[in-house]
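Read off the chains here:
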Amino acid sequence: GSELWKSDGTTNGTMLVKDIGNGSVGSNPAYLAPVDNTLFFLADDGTHGRELWKTDGTEAGTLMVKDINNGSGDSTPNHHTKVGNTHFFRANDGIHGFELWRSDGTEAGTVRLTNPTYQGGPSGLSVMNDTLYFCNGGLWKSDGTVNGTMLVHQESVGHAGVCRGETTVVGNTIYFAGIASVGNDG
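Each value, and the rule that gives it
- Residues numbered from 1 in each chain as written.
- Predicted model: local features only at pLDDT ≥ 70, side-chain atom pairs only at ≥ 80, totals over all residues.
- Heavy atoms only, no water.
- Helix = DSSP H or I, 4+ residues; strand = E, 2+ residues; numbered from the N terminus.
- Buried < 20%, exposed > 50% of the residue type's maximum accessible area, 1.4 Å probe, protein only.
- Polar contact = N/O pair within 3.5 Å; in protein donor to acceptor, adjacent residues only side chain to side chain.
- Contact = heavy atoms within 4.5 Å.
- Pairing = 2+ DSSP bridges.
- Axes fitted to C-alpha atoms, helices over the stretch in contact; angles between N-to-C directions.
- Phe/Tyr/Trp six-rings, centres within 6.5 Å; stacked < 30°, edge-to-face > 60°.
- Lys NZ or Arg CZ within 6 Å of the ring centre and 35° of its normal.

**Student:** Would you mind showing me how to read the side chain of threonine 110 here?
**Tutor:** Relative to the helices and strands, threonine 110 resides in the loop between strand E9 (98-103) and strand E10 (111-112). Residue class for threonine 110 comes out buried when judged on its relative accessible area of 0%. From its side chain, threonine 110 meets the backbone oxygen of threonine 106 in a polar contact 2.6 Å long. The residues contacting threonine 110, other than those within four sequence positions of it, are Leu52, Val65, Lys66, Ile68, Phe89, Trp101, Arg102 and Ser103.

Structure (structure tokens):
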């Protein structure tokens, strides 16, 4: 099955990092995201479902970070984005749906930042001035803390939200696809 490999660009330097799936099934690694000297990725070890893993390129240093969707359910971590030394991503804990998470590479340091009352799930993760911006029914920003994850703007008159999926940064400006309310001013 499909597993995580590494290469230095030579035949002799191309090798399997670790057999996470233990055999022919494979762990099917996906969403590879470098953060400093660590590679975060999604993998399925056959017991915990599709969860957040990390590697330093060695077999011993390739570990599941956290079983976010406890048990055999899939958390499917994706949309990995680095801000400074913080790794942001979206994942599903099996209770709240897809929400914004951050990880420092430890189980205790992998935490959910958004709350289940927010619409949908975070998308369009972009970085501007060392701050993460994303769409989640409105335009949000996060400094990597629960209290520092907040709504920037949401248009709510007659519409579900202003920010629709994609964001991008040009210089010191964030652009996003949105819907403006059209209503009577009186």
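Structure's up, so let's keep going.
**Student:** What should I look at first to understand unusual backbone geometry in this one?
**Tutor:** Keep in mind that most residues, glycine aside, have a negative phi and that most peptide bonds are trans. Within the chain, asparagine 28 stands out as a residue other than glycine whose phi angle is a positive 50°. Even without being glycine, asparagine 129 reaches a positive phi, approximately 50°. Within the secondary structure, asparagine 129 sits in the loop between strand E11 (123-128) and strand E12 (131-135). When its relative accessible area of 54% is taken as the criterion, asparagine 129 is described as exposed.

**Student:** Even after reading the chapter, I still don't get the sheet that holds E9, so can you show me in this structure?
**Tutor:** The strands making up a sheet associate through hydrogen bonds between their backbones, and the pairing can be parallel or antiparallel. Spatially, E7-E8-E9-E10 is the arrangement adopted by the 4 strands of the open sheet, whose pairing is antiparallel. Of all the strands in the sheet, the pair left with one neighbour each is strand E7 (78-83) and E10.

**Student:** Got a minute to help me understand the pairing of strand E16 (residues 173-178) in this structure?
**Tutor:** Every other side chain in a regular strand lies on the same face of the sheet, so the side chains alternate between the two faces. Looking at chain direction, strand E15 (residues 163-170) and E16 are connected through 5 bridges and run antiparallel. If you follow valine 170 over to E16, its bridge partner there is threonine 173. Taking the residues that link successive antiparallel strands as the turn, the E15-E16 hairpin has 2 residues, and the phi of glycine 171 there is positive, at about 65°.

**Student:** Can you help me understand the environment of phenylalanine 176 in this one?
**Tutor:** Relative to the helices and strands, phenylalanine 176 is located in strand E16. Residue phenylalanine 176 is classed as partly exposed on the basis of its relative accessible area, which comes to 31%. Each residue touching phenylalanine 176, except ones within four places of it in the same chain, is listed here: Leu139, Val162, Cys163, Glu166 and Thr167.

**Student:** Where do I start with the sheet that holds E11 in this structure?
**Tutor:** Here we have 4 strands laid out as an open sheet, ordered E11-E12-E13-E14, and antiparallel in their pairing. The open sheet is flanked by E11 and strand E14 (149-153), the only strands paired with a single partner. Adjacent strand axes in the sheet meet at a mean angle of 30° when their direction is disregarded. When E11 meets E12, the two strands line up antiparallel, connected through 4 bridges. Its bridge partner lying in E12, serine 123 is registered against cysteine 135.

**Student:** Teacher, can you tell me more about the packing of aromatic side chains here?
**Tutor:** Any two aromatic rings considered together are summarised by their centre-to-centre distance and by the angle between their planes. A full pass over the atoms with the stated rule returns 2 aromatic pairs. Seen in terms of ring centroids, phenylalanine 134 and tryptophan 140 are 6.3 Å apart; in terms of plane orientation they differ by 15°. Their pairing is stacked. With relative accessibility at 0%, the residue phenylalanine 134 sits in the buried group. Over the ring of phenylalanine 98 we find arginine 90, and its NZ or CZ is 4.2 Å from the ring centre.

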